[in-house]
Amino acid sequence: MNSAGHSEATAPRGLELTPFRGLRYDPDRVGSLAAVTSPPYDVVVRPDGLHHLQDADPYNIVRLILPQATTPAARNEQAADTLRRWLSEGVLTTDPEPALYVYEQRHADGMLQRGLIGTLRVSDPSEGIVLPHEDVMPHVVADRAALMRATHANLEPLLLTYRGNGTTAEIVDRAAELPPLLSTTTEDGYSHRLWAITDPAETARVQADLAGHQALIADGHHRWATYLRLRAEQPSPSPWDHGLVLLVDTARYPLRVRAIHRLLHGLPVAEALAALDGRFRVRRLETDLPEALAALADAACPGNAFLLAGDGAFHLVDRPDPALLDRTIPTGLPEAWRTLDATVLHATLLDHVWHIPEDDPARIAYIHDTAATVRKAERDGGTAVLLHPVREEVVRDLARQGVTMPRKSTSFGPKPASGLVLRALDL
């Protein structure tokens, strides 16, 4: 028994997904469902993006997930007050009965993703049920925990994947043949639809099927770590024993895996390149971004390679000095981890070459959008470090070995839109 009164698992129980009464926008009270949605909180990193969402509709979900005030305490209280007001005004309403929600995202480029939104029993990594693959930053977990405590809500689902292609996938696809609860298209070109599974027999079939599976955290490591922290603070049983997730079967609906790039503040490209002399091969590319990314892909398979940008050109950095890697990469970990681009970036380049702390927001930013990273580096006089994505099977294999990758190593997508269904813990 741990200090919070939670029994340590003696054997893995598998995924335990339960229905809940979703909290959803009343479409008659908002401009449009698309106008009140947002990307996940950690994707909205630019002030202009935040302001754009705030201006889209006075009830945009970003006012809850990224409240704006002068202090953290004031921000969290503002979010709690906003949530209470929207509930009292009927802007957000609670569905009449518990459900598992089938969620579909579709794009004209052929992407189709379907999964189940429900509340998942929170489990420690040692149980081998929910597998993290990245480290987290403690200050971000503390920030998310304070927000969830203040609002007493899970405001957006995190994204988990598993591989099944069985009963649950059949139930999900069958539900998607029915008229949806909601349908909207956001400005990024994705259409979103939602259905509710309320039949206890169907729910029981899903739960029996998922009990034999484990999941990989695709997006939302900080929120899962927050769930663990909040669960540990409460005597069990409590609503904090479960957290809001979107569970996608990637055997049926494969996700796209993209890299998360780094923006190094206060480090001009010329200085970054000078520090690489004799340590990496550097080639200047007089080309556009798509061709530069193609060159990066060629250089990264196999081998470690990065693109540096910010001075109006692209610089392909590859072929690190093997002796440098031997001195800087930690030993005692799988070769697949030691040869990751993210490992070389953090252990070798950031720590030993550029001397930039990975958790100092004044020195480094983590940005999903490739073009935006380059533009900001050029505007601010910093260095953009662009990475090639890691294959999903590499991520999953390392996670099964209990090995976490450097923070912000991958971006799985498409990510669920925030604002379509929320969970209030006291309902």
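Shown above is the structure to which this text applies.
Read on for a plain summary of the structure. (Residues numbered from 1 in each chain as written. Predicted model: local features only at pLDDT ≥ 70, side-chain atom pairs only at ≥ 80, totals over all residues. Heavy atoms only, no water.)

### Focus: the packing of aromatic side chains
Right, so step 1: Throughout the structure, instances matching the rule amount to 4 aromatic pairs.
Right, so step 2: Judged by centre distance (6.1 Å) and plane angle (50 degrees), the rings of Tyr25 and Trp86 are tilted. Taken together, the residues span a long stretch of sequence, with Tyr25 in strand S2 (residues 23–25) and Trp86 in helix H4 (residues 72–89) at a distance of 61 residues. Side by side, Tyr25 and Trp86 carry an identical accessibility label, which is buried.
Right, so step 3: Ring geometry for Trp224 against Tyr227: centres 5.9 Å apart, planes inclined by 65 degrees, an arrangement best described as edge-to-face. Here Tyr227 and Trp224 lie together in helix H8 (residues 221–233), a separation of 3 residues that amounts to about one turn.
Right, so step 4: Classification of Trp224 as buried rests on a relative accessible area of 2%.
Right, so step 5: Above the ring of Tyr41, the side-chain terminus of Arg144 is found at 3.9 Å from the ring centroid. (Phe/Tyr/Trp six-rings, centres within 6.5 Å; stacked < 30°, edge-to-face > 60°. Helix = DSSP H or I, 4+ residues; strand = E, 2+ residues; numbered from the N terminus. Buried < 20%, exposed > 50% of the residue type's maximum accessible area, 1.4 Å probe, protein only. Lys NZ or Arg CZ within 6 Å of the ring centre and 35° of its normal.)

### Comments concerning the sheet that holds strand S18 (residues 364–367)
Two orientations exist for strands paired in a sheet by backbone hydrogen bonds: parallel and antiparallel.
Right, so step 1: The antiparallel open sheet is built from 6 strands, whose spatial order is S15-S17-S16-S19-S14-S18. One side of each edge strand has no neighbouring strand; the edge strands of this open sheet are strand S15 (281–285) and S18. Taking the axes of each pair of neighbouring strands and ignoring which way they run, one obtains an average angle of 25 degrees across the sheet.
Right, so step 2: As paired strands, strand S14 (residues 261–264) and strand S19 (residues 383–386) are joined by 3 bridges and run antiparallel to one another. In the strand pairing of S19, Arg262 is matched with Val385.
Right, so step 3: Set on the sheet, helix H13 (residues 341–353) makes contact with S14, strand S16 (305–309), S18 and S19; between it and S16 the angle comes to about 60 degrees.
Right, so step 4: In this fold helix H14 (residues 370–380) packs onto S14, S16, strand S17 (314–318), S18 and S19, with an angle of close to 160 degrees to the strand it touches most, S19. (Pairing = 2+ DSSP bridges. Axes fitted to C-alpha atoms, helices over the stretch in contact; angles between N-to-C directions. Contact = heavy atoms within 4.5 Å.)

### Some thoughts on the side chain of Thr328
Right, so step 1: Tracing the backbone through its elements, the reader meets Thr328 in helix H11 (residues 322–328).
Right, so step 2: A polar side-chain atom of Thr328 sits 2.8 Å from the main-chain carbonyl oxygen of Leu324.
Right, so step 3: One polar contact links Thr328 to Thr348, side chain to side chain, over a distance of 2.7 Å.
Right, so step 4: Ignoring sequence-local partners within four residues, the contact set of Thr328 consists of Ala347, Thr348 and His352. (Polar contact = N/O pair within 3.5 Å; in protein donor to acceptor, adjacent residues only side chain to side chain.)

### What about the pattern of salt bridges?
Right, so step 1: Evaluated as defined, the whole model comprises 26 salt bridges.
Right, so step 2: Among the salt bridges present, the one from Glu233 reaches Arg149, with a minimum N-O distance of 2.7 Å. Here Arg149 lies in helix H5 (residues 138–151) and Glu233 lies in helix H8, a separation of 84 residues in the sequence.
Right, so step 3: Residue Asp219 is joined to Arg223 by a salt bridge in which the shortest nitrogen-to-oxygen separation is 3.2 Å. The same class applies to Asp219 and to Arg223, which are both buried.
Right, so step 4: Through salt bridges with shared partners, one network takes in Glu104, Arg106, Arg114, Asp173, Arg193 and Arg252. (Salt bridge = Lys/Arg side-chain N within 4 Å of Asp/Glu carboxyl O.)

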